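Fold and contact review
One-letter residues, chain by chain:
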Protein chains: 2
Amino acid sequence: MQTARTTPSRLAKRAHYDEATIHPILDEALFCTVSFAVDGQPMAIPTAFARQGDKLYIHGSVGSHFIRAIEHGAPVCITVMLADGLVLAKSAFHHSVNYRSVVIFANAEKVTNETERMNALALITDHLIPNRWDDLRPTTDSEMRKTTVLRFSLAEASAKVRTGGPNDDPEDENLPTWSGVIPLKTVRQTPIPAGTSLEIPLPDYLS
Amino acid sequence: MQTARTTPSRLAKRAHYDEATIHPILDEALFCTVSFAVDGQPMAIPTAFARQGDKLYIHGSVGSHFIRAIEHGAPVCITVMLADGLVLAKSAFHHSVNYRSVVIFANAEKVTNETERMNALALITDHLIPNRWDDLRPTTDSEMRKTTVLRFSLAEASAKVRTGGPNDDPEDENLPTWSGVIPLKTVRQTPIPAGTSLEIPLPDYLS
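Note that the structure is a prediction, hence the values are computed from the model and not measured. (Residues numbered from 1 in each chain as written. Chains lettered and ligands numbered in written order. Predicted model: local features only at pLDDT ≥ 70, side-chain atom pairs only at ≥ 80, totals over all residues. Heavy atoms only, no water.)

Points about the relation of the copies chain B and chain A
For the match of chain B to chain A, the screw axis carries a shift of 0.0 Å, the RMSD comes to 0.0 Å, and the turn is 180°. Taken together, the rotation and translation describe the operation of a two-fold axis. Measuring from the rotation axis to each C-alpha of chain B, the shortest distance belongs to B:Thr186, at 2.1 Å. When you check the interface residues of chain B against chain A, 99% turn up at the interface there too, and the contact is symmetric in its surfaces. (Least-squares fit on C-alpha atoms with pLDDT ≥ 70 in both. Contact = heavy atoms within 4.5 Å.)

As structure tokens, then:
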């Protein structure tokens, strides 16, 4: 949703407010950064998350200072960034980055319903490792008691996207300097079994 | 430096305060997230940066709301995260992430010395693309006037590092569920030339 604080001061043409742009970025990114303020002092924590519909979930230990600082509804700013490429122009000034980012302004809502809590943990697990949850033993009551789940609305989310090559000044276009894009990609490498899993075949969902 | 706010509430054994741990994380990460607060409202921006000695530099447009919000010394929290692997345990509860992160508490110092400003821009450019700066035409006075460079002290920086495999509960170790680590890596793919560079050989520093 476009509001005063989701409207960028620079390059507003790169801003998007539609779910069709925002949701796929959140679904592809593995981690977000949650920023909050305590007495004016900004703090930020990178963490795992998952999206379902227009809600975003994170989880943490019930004893975590971070979780306790925001669980009662403090305002947070959640950012996600996918770096797609380095953009090399013919001048330093026009060097740039191809990226897809999302910024969310929201207030944490502590999830108390046990079904929603369990569902959120499954979502977060499967967001990082698709199909993992159903392969795991049931979560115990003790584990659930040690875990806080927080929900955030995506109502005030916005995306910024840059794609394409460099935008050089016309007078620089004939310079003999190489310009273009170096694509960046995050890859999953060959899984390494733990000592307790040396005899267990790698499941299909990890191949 | 270990201070009250750089001491984590959870898993303090993962915390580090030495340059030998902190500097290589900052040098490997391509982007950081700068968090700040305006009237108690947290805001955060992912951006490029570079480190030299015990200083970190970022840059931005002189007209950017973000830069203008912090350039007079507002407190910021800068985070960097390298995700090294997904840690799959035999229970959902012990799933984890191998990561190297840095959190910096500092106040922006606006750089006014032209030599330091130019040096910082070279550092930021070469941090993303090593050896690029010397291949570029000189930056113009007009470009420099449009650019703000901010410096941050690393005095109050801390790192957190997790490595290794899953830490399962002893009673779970014989479960037939595959456990281990899926390494993650950010790779640079084959450079794609811009239309104005189709006839220009790719420089050695990009191969």
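Some remarks on unusual backbone geometry
Positive phi is not limited to glycine here, since A:Asn131 has a value of about 75°. With respect to the secondary-structure elements, A:Asn131 resides in the loop between helix H3 (114–128) and helix H4 (141–145). For A:Asn131, a relative accessible area of 52% corresponds to the exposed category. Of note, B:Asp39 is a non-glycine position whose phi angle comes to about 55°, a positive value. Among the structural elements, B:Asp39 can be located in the loop between strand S2 (31–38) and strand S3 (41–48). (Helix = DSSP H or I, 4+ residues; strand = E, 2+ residues; numbered from the N terminus. Buried < 20%, exposed > 50% of the residue type's maximum accessible area, 1.4 Å probe, protein only.)

So, the environment of A:Asp168
Residue and element names in this part refer to chain A. Tracing the sequence through the fold places Asp168 in the loop between strand S10 (157–162) and strand S11 (180–188). Taking the C-alpha atoms as reference points, Asp168 and Leu88, 80 residues apart in sequence, are found 9.7 Å from one another. Residues contacting Asp168, with those up to four places away along its chain left out, are Ala89, Lys90, Ser91, His94, Glu173 and Ser179. Only 2.9 Å separates the side chain of Asp168 from the backbone nitrogen of Lys90, close enough to count as a polar contact. (Polar contact = N/O pair within 3.5 Å; in protein donor to acceptor, adjacent residues only side chain to side chain.)

Regarding the pattern of salt bridges
Evaluation of the coordinates by the stated rule reveals 20 salt bridges over all chains. B:Asp84 is the partner of B:Arg100 in a salt bridge, and the nearest nitrogen-oxygen pair spans 2.8 Å. You can see B:Arg100 sitting in strand S7 (residues 96–107) and its partner B:Asp84 sitting in strand S6 (residues 75–88), a full 16 residues away along the chain. Taken together, the shared-partner salt bridges in this structure form one network comprising A:Glu28, A:Asp84 and A:Arg100. (Salt bridge = Lys/Arg side-chain N within 4 Å of Asp/Glu carboxyl O.)

Considerations on the sheet that holds strand S9 (residues 147–153) of chain B
Across a sheet, strands are paired by hydrogen bonds formed along the backbone, either parallel or antiparallel in direction. All names here are of chain B. The sheet built from 4 strands is open, its strands ordered S4-S5-S9-S8 with antiparallel pairing. Edge positions in the sheet fall to strand S4 (50–52) and strand S8 (109–110), since each of these pairs with one other strand and no more. Pairing geometry for S8 and S9, over 2 bridges, is antiparallel. Within the sheet, the bridge partner assigned to Lys110 lies in S9 and is Leu150. (Pairing = 2+ DSSP bridges.)

Quick notes on the environment of B:Pro42
With respect to the helices, strands and loops of the structure, B:Pro42 is situated in strand S3. Those residues in contact with B:Pro42, other than ones at most four positions away along the chain, are A:Ser35, A:Phe36, A:Ala37, A:Pro75, A:Val76, A:Cys77, A:Phe105, B:Phe36 and B:Ala37.

What about the sheet that holds strand S9 (residues 147–153) of chain A?
Residues and elements named next belong to chain A. Across the sheet, 4 strands lie side by side as S4-S5-S9-S8; this open sheet has antiparallel pairing. Edge strands, defined here as strands with exactly one partner in the open sheet, are strand S4 (50–52) and strand S8 (109–110). With 3 bridges joining them, S4 and strand S5 (residues 55–61) adopt antiparallel strand pairing. What sits directly across from Gln52, in S5, is Lys55.

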